Amino acid sequence: MRSDILSFSAVVAASLVASSDLVSASSNKELENEGIVNVGSLRKLKKGKKGEDGGKKIAKKAKKAKKGTTSDSMAFSTVGPPDGENVCHEKKVEIANVQCVIDQVNQTGEQSGTNVTEGYKGNQATTAVPITVPYYQKGLCPVNVHWHLGTEHLSAGEYDETGTGPTEIAHRRKLAGKARQGFQCNLYDDSEDMFTSHYDWKYCTDMEVGQTYEVHWPHSTIGACGTVNQFQTPFYDGVFCYSELLTADTVINENVGVQAQVFTIVNDEDYYYPDLMRGMIVDGDFGADVAKYTGSTTGTSRDNDVCSGYSPITWQVDRKCHMVSASTFDKMCADMLSQRDDMSGDVYPHGSRALVADHLAAD
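Note that the structure is predicted; figures quoted are calculated from it, not measured.

K.L.:
Sorry, what's going on with the overall build of the protein here?
P.N.:
Secondary structure assignment for the protein yields 6 helices and 12 strands. Looking at the 363 residues of the protein, the share that counts as buried comes to 52%. For the protein, contacts bridging at least 24 residues in sequence account for 84% of all contacts bridging at least 6. Carbon and sulfur atoms make up 50% of the accessible area of the protein, which amounts to about 16900 Å² in all.

Pasting the structure below:
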């Protein structure tokens, strides 16, 4: 890499107005599950006080009866907090995309999304070290959630070029020039109803049962953590909410990270998770095998010729593909629509960046 290339931290710091009256960042307390949605008697029973007569037995019976059932749709609350100041509004720090390579020399830091198969290493030398513990342990909180059609990362045997899924929406979006589809999971089976039965999406748009989506949760230490302004669209506003606290010495990959998890959508309420907006699911196989590396922001404005200048940042990517219910996603979209900031720009799948070439992936 050229010696005159400014570090990501220096570029960010140089773009900010110096101030001696720095605002203290919000505490990085994890938000509790708000539990605002009525998803039926099972969920109410499960939240009941321990020891209520027959509560556990009834909940068990309800769960057993519920297993394998589909639903046309579910209703969730989209009521948000009172109007107030959004302190993160337009806080994005602009860093332009750059040509990836000139005269066989990389012009920016390592890129994402990469191959995350166990044992994979790219060819771009880097001194950046990813965060290897859960982000909350380092004071980062989620500041946004969004997802991509197919996957931007590749995990051999889980989500890769051999994966399959329905093509109706993907084909229609491609014809309309709306989204590039990435890799798909290997779970889709059109002989099973849960992969093909209709779900009436009320809050998410352009979604499809049976399809693969890669969900991203950008995290930051300088977001409006623990406040009504925590979640933002675009995610850059959330990541840089208190950007005046950054200096040229700030190690960005220790303060900015993304969680990524890949799902195949099924219409089966046995796969319902109520709080997907707030971060990666960690439960059994969910979040158990996670790749950790340094890379960049993604999206279809970048490829292997045009690279992101937002690098290096930490990535923590679940290598496994998982099934969740359509209602899990619709609940997440309802939660997004109930935030103070307008997150309607993220309640549909974004296009997927082409897999990063080896010479642009961290070693």
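K.L.:
How should unusual backbone geometry be read in this particular structure?
P.N.:
Keep in mind that most residues, glycine aside, have a negative phi and that most peptide bonds are trans. Cis geometry is adopted by the peptide bond preceding Gly 113, which originates at Ser 112 and carries an omega value of -5 degrees. Topologically, Gly 113 is positioned in the loop between β3 (105-106) and β4 (141-142). The omega angle of the peptide bond from Thr 233 to Pro 234 is 0 degrees, so this bond is cis rather than trans. Here Pro 234 shows up in the loop between β8 (212-220) and α5 (235-239). Unlike most non-glycine residues, Asp 206 shows phi in positive territory, near 55 degrees. Mapping Asp 206 onto the fold places it in the loop between β7 (184-185) and β8.

K.L.:
What am I meant to see in the side chain of Arg 319 here?
P.N.:
Mapped onto the elements, Arg 319 comes out in strand β12 (residues 313-325). Here Arg 319 falls in the buried class, since its relative accessible area comes to 12%. For Arg 319, the contacting residues outside a window of four places in its chain are Val 116, Thr 117, Glu 118, Ser 155, Glu 158, Tyr 159, Asp 289, Val 290 and Ala 291.

K.L.:
It is not clear to me how the side chain of Ser 338 should be interpreted in this structure. Could you clarify?
P.N.:
Considering the arrangement of structural elements, one finds Ser 338 in the segment after α6 (326-337). By relative accessible area, Ser 338 is classed as buried at 8%. A distance of 2.7 Å separates the side chain of Ser 338 from the backbone oxygen of Asp 335, its partner in a polar contact. Residues within four places of Ser 338 in sequence aside, it is in contact with Thr 78, Val 79, Gly 80 and Pro 81.

K.L.:
Even after reading the chapter, I still don't get the packing of aromatic side chains, so can you show me in this structure?
P.N.:
Two aromatic rings, taken as a pair, are described by how far apart their centres are and by the angle between their planes. Scanning the model with the defined rule gives 10 aromatic pairs in all. Geometrically, the ring pair formed by Phe 235 and Tyr 236 is stacked, given 4.1 Å between the ring centres and 25 degrees between the ring planes. On the basis of an interplanar angle of 40 degrees and a centroid distance of 6.3 Å, the ring pair of Phe 240 and Tyr 310 is categorised as tilted. On the criterion of sequence distance, the pair formed by Phe 240 in the loop between α5 and β9 (256-266) and Tyr 310 in the loop between β11 (306-307) and β12 is long-range, its members being 70 residues apart. Judged by its relative accessible area of 2%, Phe 240 is buried. One aromatic cluster is present, formed by Trp 147, Tyr 213, Phe 263 and Phe 329 through successive ring pairs.

K.L.:
How should the pattern of salt bridges be read in this particular structure?
P.N.:
When the charged atoms of two side chains lie near each other, side chains of opposite charge can form a pair. Evaluation of the coordinates by the stated rule reveals 7 salt bridges. Notably, a salt bridge pairs Glu 118 with Arg 319, separated by 3.0 Å at the nearest N-O pair. One end of the pair, Glu 118, is in the loop between β3 and β4; the other, Arg 319, is in strand β12, and 201 residues separate them in sequence. Asp 335 is the partner of Lys 331 in a salt bridge, and the nearest nitrogen-oxygen pair spans 2.7 Å. Of this pair, Lys 331 and Asp 335 are both found in helix α6, 4 residues apart, which corresponds to roughly one turn of the helix. Here Lys 331 matches Asp 335 in class, with each residue buried.

K.L.:
Sorry, what's going on with the nonpolar core here?
P.N.:
Considering soluble globular proteins, one finds that nonpolar side chains tend to be buried as a cluster. With 34 residues, the main nonpolar core has Trp 147, Trp 201, Phe 263, Phe 329, Met 332 and Met 336 as its most contacted residues. Mapped by element, the contributors of at least two residues to this core are β5 (146-149), β8, β9 and α6. Among the elements that line this core, the one with the most residues is α6, at 6 residues. The next biggest cluster of nonpolar side chains, apart from the first, holds 30 residues, and it includes Val 116, Cys 185, Leu 246 and Tyr 310.

K.L.:
When you look at the state of the cysteines in this model, what are you seeing that I'm missing?
P.N.:
Tallied over the entire structure, the rule returns 5 disulfides. Sulfur-sulfur distance for the disulfide between Cys 141 and Cys 225 comes to 2.1 Å. Measuring handedness by torsion sign, the sulfur bridge of Cys 141 and Cys 225 sits at about -80 degrees and is left-handed. With Cys 141 in strand β4 and Cys 225 in the loop between β8 and α5, the pair connects residues that are 84 residues apart, well separated along the chain. A residue is classified by how much of its surface remains accessible, and Cys 141, at 1% relative accessible area, is buried. Paired through a disulfide, Cys 185 and Cys 321 show a sulfur-sulfur distance of 1.8 Å. Handedness here is read from the sign of the S-S torsion; for Cys 185 and Cys 321, about 90 degrees, the answer is right-handed. Here Cys 321 lies in strand β12 and Cys 185 lies in strand β7, a separation of 136 residues in the sequence. Shown here for the protein is a disulfide pattern of 1-7, 2-8, 3-6, 4-9, 5-10, where each number marks a bonded cysteine counted in sequence order.

Each value, and the rule that gives it
- Residues numbered from 1 in each chain as written.
- Predicted model: local features only at pLDDT ≥ 70, side-chain atom pairs only at ≥ 80, totals over all residues.
- Heavy atoms only, no water.
- Helix = DSSP H or I, 4+ residues; strand = E, 2+ residues; numbered from the N terminus.
- Buried < 20%, exposed > 50% of the residue type's maximum accessible area, 1.4 Å probe, protein only.
- Contact = heavy atoms within 4.5 Å.
- Areas by Shrake-Rupley, 256 points an atom, 1.4 Å probe, with all protein chains shown as cover.
- Polar contact = N/O pair within 3.5 Å; in protein donor to acceptor, adjacent residues only side chain to side chain.
- Phe/Tyr/Trp six-rings, centres within 6.5 Å; stacked < 30°, edge-to-face > 60°.
- Salt bridge = Lys/Arg side-chain N within 4 Å of Asp/Glu carboxyl O.
- Core = buried A, V, L, I, M, F, W, Y, C linked by side-chain atoms within 4.5 Å.
- Disulfide = S-S within 2.5 Å.

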